[in-house]
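Breakdown of the fold
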Amino acid sequence: LAQFYNPLLQKEVKKTLKLLRSKTRFLITSHIGIDGDGLASELALARALKKMGKKVQVLNDSGTPHAYQFLPDAQKIERFGQVSPAPREVTVILDAGKFERIGSLKDVVSLRRDTVINIDHHRSNKGFGTVSLIDPLISSAGELLFEFFKWAKIEIDKTTALLLYVAILTDTGRFTYDNTTARTHRNIGELLEYGIRPELVANEIYRRVTHGQVELLKHALATLTYTEDGRIAHITLLRKDFDQTGTSGLETQEFVEIPRSIDGVRVGIYFRETLEKGTVKVSMRSNGGIDLNRFARRFGGGGHRSAAGITLQTKIEEAKRKIIASLAQDISRI
Ligand code: AMP
Ligand code: MN
Ligand code: MN
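Keep in mind the model is a prediction, meaning the values are calculated, not measured.

Criteria and thresholds
Throughout, residues of each chain are indexed from 1 in the direction in which the sequence is written. Both sets of labels track the order of writing: A upward for chains, 1 upward for ligands. In keeping with the predicted nature of the model, local features appear solely for residues at pLDDT of at least 70, side-chain atom pairs appear and are counted solely at 80 or more, and the whole-chain, interface and lining totals rest on all residues. Only hydrogens and water are set aside; all other atoms, that is, all heavy atoms of the structure, feed into the side-chain values. Any two strands are treated as partners once DSSP identifies two or more bridges connecting them. Helix numbers and strand numbers start at the N terminus; a helix is a DSSP run of H or I with at least 4 residues, a strand a run of E with at least 2. Pairs of residues are marked as contacts when any of their non-hydrogen atoms sit within 4.5 Å. Axes here mean lines fitted to C-alpha atoms, for a helix over just the part in contact, with angles spanning 0 to 180 degrees between N-to-C directions. In the cavity and pocket records, a cavity denotes points on a 1 Å grid over the protein atoms alone where a 1.4 Å probe fits but cannot get out, a pocket denotes an open set with protein on both sides within 12 Å along at least 5 of 7 lines, and lining residues are residues with an atom within 4 Å of a point. Grid points are joined across faces, edges and corners, and a volume is the space filled by probe spheres set on the points. Ten residue types, Ala, Val, Leu, Ile, Met, Phe, Trp, Tyr, Cys and Pro, are classed as nonpolar, four, Asp, Glu, Lys and Arg, as charged, and the remainder, Gly among them, as polar. Donor criterion used throughout: N, O or S atom within 2.8 Å of the metal, extended to 3.2 Å for Na, K and Ca. Water excluded; incomplete-looking sites may result. Two rings from Phe, Tyr or Trp (for Trp, the six-membered ring) form a pair when their centres are within 6.5 Å of each other. A pair whose planes differ by under 30 degrees is stacked, one over 60 is edge-to-face, and the rest are tilted. When accessible area is computed with a 1.4 Å probe and restricted to protein chains, residues below 20% of their type maximum are described as buried, those above 50% as exposed, and intermediate ones as partly exposed. Only Lys NZ and Arg CZ are tested; either one counts as a charge over a ring when it is within 6 Å of the ring centre and within 35 degrees of the ring normal. The span you would expect from a helix comes to 1.5 Å times its residue count less one. Pairing of N or O atoms within 3.5 Å defines a polar contact, subject to two protein rules: one partner must be a possible hydrogen donor and the other a possible acceptor, and residues neighboring in sequence count only if both atoms are side-chain atoms.

Turning our eyes to something else, we now look at the sheet that holds strand E12 (residues 307-312). Whether parallel or antiparallel, the strands of a sheet pair through hydrogen bonds between backbone atoms. Taken in spatial order, the 6 strands make up an open sheet running E7-E8-E9-E10-E12-E11, and their pairing is mixed. Because the sheet does not close on itself, it has two edges, and the strands there are strand E7 (225-227) and strand E11 (302-303). Pairing analysis gives 3 bridges linking E7 to strand E8 (residues 232-237), with the strands arranged antiparallel. Paired with Thr 225 across the bridge in E8 is His 234. Packed on one face of the sheet, helix H11 (residues 316-332) meets E7, E8, strand E9 (267-273), strand E10 (280-286) and E12 and runs near 165 degrees to E9.

In structure tokens:
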């Protein structure tokens, strides 16, 4: 085999390929609050492994958001709690920056006893797997998988190409975030050659917003608040907002783009109460100048330089006060 595109990962790709080839039963999972990259990467890897004659179970803590239910084989994804993990030799964790991000699956996956392959692209990832294939410079777990499949000469068909396209499309914010590179576009060009129709994919993911989601958006916009001379903008959604509109937090993954996209805003924040009582999810996006991965790590969260998340066990007002006060200090220095 030729050299992997990232020479620093040469050993890891070899180890990964060896495990995938030599073992037969796999469990694949991803992070809580699963997104397009997590889901599509899981399905792409599951498909590749099945074509190699392997037994594969895809099992998640979260359900699949409405926008991704069209993905091929999405209906076969199982949910932990309703289904238990089958016996397996290898667990593959995709798109999770730290082990705890697999949520309730950590009750059945053990880093000490199990063989775990961690394929990821988060800057905050310290490499928790038996094998950790991590490139913080690539756009998405899906793009890393694409490079890996090409390097390993693992067959990619039109369906796999669609899945990898969706992973990259969604994690780059439709090719607009700072993780979008010339290489990303070349990879996307190769994926399009399989016959992917971008407008049809976008119809599924971005043009089937539910009425509940639009109602929820009204609630979110009503909370829009600016601080630090308009350099921070934030929105907030409470459990009652989700209850009233029949929606869930999983359906609001792009809401943080609203405060982030306003003229003059350096950091956009979206606070929401989760289903778990007393837990607040904070989504943050920066337009440069602030390293949000570093910021989030102070509060036990993480992610990337311009997109990070934090989960706090506090009342929402307390979470907002703490995060905004701390961020205001950082912002005053730039
Ligand atoms: P989100 O705001 O949920 O879209 O997350 C932005 C980025 O930060 C994603 O790449 C997440 O995987 C990561 N992230 C979100 N929440 C956390 C968390 N609690 N701990 C570590 N990383 C997170
Ligand atoms: Mn993700
Ligand atoms: Mn990702």
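Next, the rest of the story.
With that settled, the discussion passes to the layout of surface pockets. Of the volumes computed, that of the second largest pocket is approximately 200 Å³. Residue lining of the second largest pocket: His 121, Arg 123, Pro 136, Leu 137, Ile 138, Ser 139, Asp 178, Asn 179, Thr 181, His 304, Arg 305 and Ser 306, and that is the complete set. For the lining of the second largest pocket, a count of residues per class yields 3 nonpolar, 6 polar and 3 charged.

Coordination of the manganese ion (ligand 2) by the protein comes from His 31 (NE2), Asp 35 (OD), Asp 35 (OD) and Asp 95 (OD), over a distance range of 2.1 to 2.8 Å. Between the donor residues of the manganese ion (ligand 2), the gaps in sequence give the motif H-x3-D-x59-D.

On to the coordination of the manganese ion (ligand 3), then. Here the manganese ion (ligand 3) is held by the protein donor atoms Asp 37 (OD), Asp 95 (OD), His 121 (NE2) and Asp 171 (OD), which lie 2.1 to 2.2 Å from it. The motif formed by the donor residues of the manganese ion (ligand 3), counted along the single chain, is D-x57-D-x25-H-x49-D.

Turning our attention to the packing of aromatic side chains. In the structure shown here, the tally under the stated rule is 8 aromatic pairs. Here Tyr 165 and Phe 175 contribute two aromatic rings whose centre-to-centre distance is 6.3 Å and whose plane-to-plane angle is 65 degrees, an arrangement assigned as edge-to-face. Taken together, the residues Tyr 165 in helix H4 (residues 158-171) and Phe 175 in the loop between H4 and helix H5 (182-192) connect sequence positions 10 residues apart. Judged by centre distance (5.4 Å) and plane angle (45 degrees), the ring pair of Phe 295 and Phe 299 falls under tilted. According to the relative accessible area criterion, Phe 295 is buried, its value standing at 1%. Three or more aromatic residues joined by ring pairs make a cluster, and in this case those are Phe 4, Tyr 5, Phe 148, Phe 149 and Trp 151. One cation-aromatic arrangement involves Arg 174 over Tyr 206; the distance from NZ or CZ to the ring centre is 3.5 Å.

If you check H4, its first and last C-alpha atoms are 20 Å apart, about what 14 residues at 1.5 Å a residue would give, namely 20 Å. By the criterion of burial, H4 is predominantly enclosed, with 12 of the 14 residues buried. Inspection of H4 places Thr 160, Ala 161, Leu 162, Leu 163, Leu 164, Tyr 165, Val 166, Ala 167, Ile 168, Leu 169, Thr 170 and Asp 171 among the buried residues, and these make up the whole buried set. Its side-chain oxygen placed 3.2 Å from the backbone nitrogen of Thr 159, Asp 157 serves as the N-cap of H4. With its phi angle positive at about 60 degrees, Gly 173 sits one or two positions after the end of H4.

This part takes up the side chain of Ser 41. Its location among the elements puts Ser 41 in helix H2 (residues 36-51). Owing to a relative accessible area of 0%, Ser 41 belongs among the buried residues under this scheme.

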